[in-house]
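Structure assessment
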Amino acid sequence: MDNGVMTNNYDGGYTDGYMEQEEEWEREGLLDPAWEKQQKKTFTAWCNSHLRKAGTGIENIDEDFRNGLKLMLLLEVISGETLPKPDRGKMRFHKIANVNKALDFIASKGVKLVSIGAEEIVDGNLKMTLGMIWTIILRFAIQDISVEEMTAKEGLLLWCQRKTAPYKNVNVQNFHLSFKDGLAFCALIHRHRPDLIDYSKLSKDNPLENLNTAFDVAEKYLDIPRMLDPDDLINTPKPDERAIMTYVSCYYHAFQGAQQAETAANRICKVLKVNQENERLMEEYERLASDLLEWIRRTMPWLNSRQTDNSLAGCQKKLEDYRTYRRKHKPPRVEQKAKLETNFNTLQTKLRLSNRPAYMPTEGKMVSDIAQAWKGLEIAEKAFEEWLLSEMMRLERLEYLAQKFKHKADIHEDWTRGKEEMLQSQDFRQCKLYDIKALKKKHEAFESDLAAHQDRVEQIAAIAQELNTLEYHEVGAVNARCQRICSQWDRLGALTQRRRLALDDAERVLEQIDLLHLEFAKRAAPFNNWLDGTREDLVDMFIVHTIEEISGLMDAHARFKATLGEADKEYQAIVNLVHQVESIVKQHQIPGGLENPYTTLTAHELMGKWSDVRQLVPQRDGTLAAELRKQQNNETLRRQFAEKANAVGPWIERQMDAVTAIGMGLQGSLEDQLRRLKEYEAGVYAYKPHIEELERIHQAVQEGMIFENRYSQYTMETLRVGWEQLLTSINRTINEVENQILTRDSKGITHEQLNEFRASFNHFDKNRTGRLAPEELKSCLVSLGYSIGKDRQGELDFQRILAVVDPNNTGYVSFDAFLDFMTRESTDTDTAEQVIDSFRILAGDKPYITAEELRRELPPDQAEYCVARMPPYRGHGAPPGALDYMAFSTALYGETDL
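Since we're looking at a predicted model, the values are computed, not measured. (Residues numbered from 1 in each chain as written. Predicted model: local features only at pLDDT ≥ 70, side-chain atom pairs only at ≥ 80, totals over all residues. Heavy atoms only, no water.)

Before going further, it helps to examine the overall build of the chain. Helix and strand counts for the chain come out as 33 helices and four strands. Considering only intrachain contacts with a sequence separation of at least 6, the fraction spanning at least 24 residues in the chain is 74%. Counting only carbon and sulfur atoms, one obtains 50% of the accessible surface of the chain, whose full area is about 44700 Å². (Helix = DSSP H or I, 4+ residues; strand = E, 2+ residues; numbered from the N terminus. Contact = heavy atoms within 4.5 Å. Areas by Shrake-Rupley, 256 points an atom, 1.4 Å probe, with all protein chains shown as cover.)

Here it is, written out as structure tokens:
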């Protein structure tokens, strides 16, 4: 309602309109005489509540202000100022002069007086007098009420709504009907002084009892006089708004001190809640960091170990253990590392936003320490896998060489069996001349055979040497056998030489020789040696890794088969020699003639070996064909892996480029960037089956002992690292965008400001690294209008800026730190001084506070938090248990264990 001599509009600006409003209501029949009665009573009580401070009062508002004396006294009491000295005469002009002094004082307070003069007040005009008093009430009792920058009336109404919101049957929407049942008045008193009224016993059906209860309690305990009549309020369809506002304003001023305490308590609760959450995040970071570093510490010795049982099976088991580690044990740790970085960035952002110092983890648990440990883990993994693969190749080579050594040694020992006894025999002394010659030729054949076996002995020694070099696990047995063979070979050489000298001595006596036996011995010995070498080659093992290698073996085998025709001719010729001997012996009946004195070889032995060669040739064909199929299958695996890897690798690179572009803030608003990052994250997880399929192909490749792939530049290791880097980059970028949104919303910066900051930052981030060097930062600040001088003072100012945006002295500035600095230049945050002022209000302006006061004004958990952490007050005259809230508040914003 805006009727009155001067209208406030509840916002501090006064206009005329009281008389015009009254006349309009009278024309429309809306003016309720009950309102005038209520205003008269209420305004009279309000004036008396102030005049009694001067030891006086009024009984009739339209009569007692006519001489202007009590009107001037009222203005002096409520303003605290001294008005000009009043005229003490009783003439009409004396009264008018006094009233004019009062009206001039009202006008000096910013109230524009229109359509009213001192004459109306002196003449006892009730309407004009009520309008004047209402203007005084508005100016000195209601105008200063401010709630969230609203006008006085709206602020007072909002205050009532907030204070009565929790109460049943109370719904304050105006200053007339909402107060008729008295519950709103009772709720206001109970909210601030619950000890005065038992609200649970009140009923909406007893408005008279409610109103009397509220008015009696307010008058007795709050020093608020009865300004309203309960019967008038109940019986008037629409009570007067001015009367109720006047009375409610007294409640507001009575409880203003409690309101300040509540505001102070809320501020402290807010600060403590932020501090408790920050402590929780710090503890969680320390726990996660310790757990991850401990896991890395336990894992590193296993990865660095190069112990093996020197067997291929043991090495394959180690490889399978490593695959299990990569599939099952490491992925949860990758997620834990990402969560750790996310929690750390979120904590630092919250600390900056709450004006707290940056969080420094305990020694050895910095994000850089974790990243360094993780990098060491990845290097150890790569080295461990490379060692495993090389160890498997070495052990495979060792197994092959060991089998080859055994095979050649078996053949050699089989050949040397009985040779020492033969060379030491004295049989030639009982022979005839031709027998001696036969023995000599036989010895010559043996020497040829011995020379032919020299290569095999050298091969055996060379294989043993290589087994020693490669540290074969049974190298002791190999060396012992090799030593026996070499020692025996030396003895054979010496025995052969001695027997030849003995035969040379006997040759002078014995001259006959059987040419056919000699020819057989000459031809049979090399052919037999060829048979032995051929059989050895046909059963020899081989290792190939490509189709080209097996094709080379098959071509060599084909060339060998082409020589079998000539070998068959030689075989037939040698067998024919035996047939000739048998014919001659049968014809001439030579005793012992069938025995060949020149060789121990028989046609039967050659036939058996030749038969073996004919059977081994097709077996060799089958072995080579099976190996060809194996290499063809390996080639298929190479192509399958390459085809999949050549698709996955570029896809990962494209996703990394897209995430990097979004992280540079080049695409839309922060919410758009966050949405797109979430879409990329979902797409990446949806793409994981391709990686798993590639892992399955890679496992088949390793099980096939395939160690190279010329069809693709990508290895499984590079794809694994790329995949993990992509997941980490997405999580880190999402966290950065969320922190930017949190900074923007907390600091109240506009979308245009954020875009301007991002555009300037990106402009000077030439390498697109997401961070600026000091000189780049200086150029960026200058481009945004920040004044940095080129003199010594300007350099000092810039160094102070660097200390804020790069507290750890890393040599670069991230966008989060840059954004935090730019927003802090224009926004307000909680400070230690504000918290100290809030505690001072709760303590009643004392330099200390007690635990009882904290528990009374703060929620239980935060009150106990303060009691546990607030140091004792050491000042003079403090009671026992007094707490130092100033030191506590300062510690919240400085370097402290809190």
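From this point, the discussion proceeds with the structure in view.
Before going further, it helps to spend a moment on the nonpolar core. Of all hydrophobic cores here, the largest spans 78 residues; its most connected members are W46, I133, I136, F185 and Y251. Among the elements that take part in this core, helix α7 (residues 126–142) stands out by supplying 12 residues, more than any other. F185 has contacts with F179, L211, A214, F215, L228, I244, Y247, V248 and Y251, leaving out every residue within four places of it along the chain. Within the second largest apolar cluster, 49 residues are counted, among which are L670, F761, F821 and M822. (Core = buried A, V, L, I, M, F, W, Y, C linked by side-chain atoms within 4.5 Å. Buried < 20%, exposed > 50% of the residue type's maximum accessible area, 1.4 Å probe, protein only.)

This brings us to helix α28 (residues 792–805). With 14 residues, α28 extends 20 Å from end C-alpha to end C-alpha; this agrees with the ideal 20 Å at 1.5 Å per step. Among all positions in α28, only G794, F798, I801, L802 and V805 are buried. For α28, the angular spread of buried residues about the axis comes to 100°, placing them on one side. (Expected span 1.5 Å × (residues − 1). Arc of directions from axis to C-beta.)

Here the structure, examined in full by the defined rule, presents 56 salt bridges. Across the pair R326 and E717 runs a salt bridge, and its minimum N-O distance is 3.7 Å. Here R326, found in helix α14 (residues 312–353), pairs with E717, found in helix α25 (residues 716–747); they are 391 residues apart in sequence, far enough to count as distant. For the residue pair R326 and E717, the accessibility class agrees, reading buried in each case. If you follow the salt bridges from partner to partner, you end up with R326, K330, E381, E385, E695, E717, R720 and E724 in one network. (Salt bridge = Lys/Arg side-chain N within 4 Å of Asp/Glu carboxyl O.)

Interpretation of this model should avoid reading the predicted coordinates in detail wherever pLDDT is low. With 89% of its residues at a pLDDT of 70 or more, the chain has an overall mean of 80. Across the chain, the secondary-structure element scoring lowest on mean pLDDT is strand β2 (residues 15–16), at 36, and the one scoring highest is helix α9 (residues 183–192), at 90. Counting interchain partners and residues more than four positions distant, the pLDDT-below-50 stretch residues 509–513 has 20 contacts. (pLDDT = per-residue confidence, 0-100.)

This part takes up the UniProt feature "coiled-coil region" (unreviewed entry) in the chain. Within this numbering scheme, the UniProt entry marks residues 271–298 as carrying the feature "coiled-coil region" (unreviewed entry). For residues 271–298, the end-to-end C-alpha separation is 41 Å, with 100% helix and 0% strand making up the annotated structure. (UniProt positions renumbered as here; feature names shortened; annotations may be inferred.)

This structure, assessed with the given rule, holds 32 aromatic pairs. Judged by centre distance (5.1 Å) and plane angle (80°), the rings of W159 and Y252 are edge-to-face. Pair noted here: W159 is in helix α8 (residues 152–164) and Y252 is in helix α12 (residues 241–254), with a separation of 93 residues, a long-range link. For W159, a relative accessible area of 3% translates into the label buried. (Phe/Tyr/Trp six-rings, centres within 6.5 Å; stacked < 30°, edge-to-face > 60°.)

Quick look at the side chain of Q348 now. Here Q348 shows up in helix α14. Separated by 2.9 Å, the side chain of Q348 and the backbone oxygen of Y359 make a polar contact. Not counting residues within four places of it along the chain, the set of residues in contact with Q348 comprises A358 and Y359. (Polar contact = N/O pair within 3.5 Å; in protein donor to acceptor, adjacent residues only side chain to side chain.)

Structurally, D205 is set in the loop between α9 and α10 (207–221). Here D205 falls in the exposed class, since its relative accessible area comes to 68%. Between the C-alpha atoms of D205 and D181, which are 24 residues apart in sequence, the distance is 7.9 Å.

Further remarks concern the environment of R499. Here R499 is to be found in helix α18 (residues 475–507). Relative accessible area serves as the criterion here: at 6%, R499 is assigned to the buried category.

Let us now look at unusual backbone geometry. Even without a glycine there, the phi angle at N809 is positive, about 55°. Positionally, N809 belongs in the loop between α28 and β4 (813–814). With a relative accessible area of 66%, N809 lands in the exposed category. Despite not being glycine, D845 shows a phi value in the positive range, around 65°. Here D845 lies in the loop between α30 (832–842) and α31 (851–857).

With that settled, consider the packing of α8 against α12. Helix packing for two helices is described by the angle between their axes and how far apart those axes are. At their nearest, the axes of α8 and α12 sit 11 Å apart, and the two run at 65° to each other. In this structure, the crossing between α8 and α12 has a hand that is left-handed. Between α8, through K153, L156, W159 and C160, and α12, the contact on the second element is made entirely by E241, M245, V248, S249, Y251 and Y252. Partitioning the contact of α8 with α12 into residue classes produces seven nonpolar, one polar and two charged. (Axes fitted to C-alpha atoms, helices over the stretch in contact; angles between N-to-C directions. Left-handed = near helix turned anticlockwise from the far one by under 90°. Nonpolar A, V, L, I, M, F, W, Y, C, P; charged D, E, K, R; others polar.)

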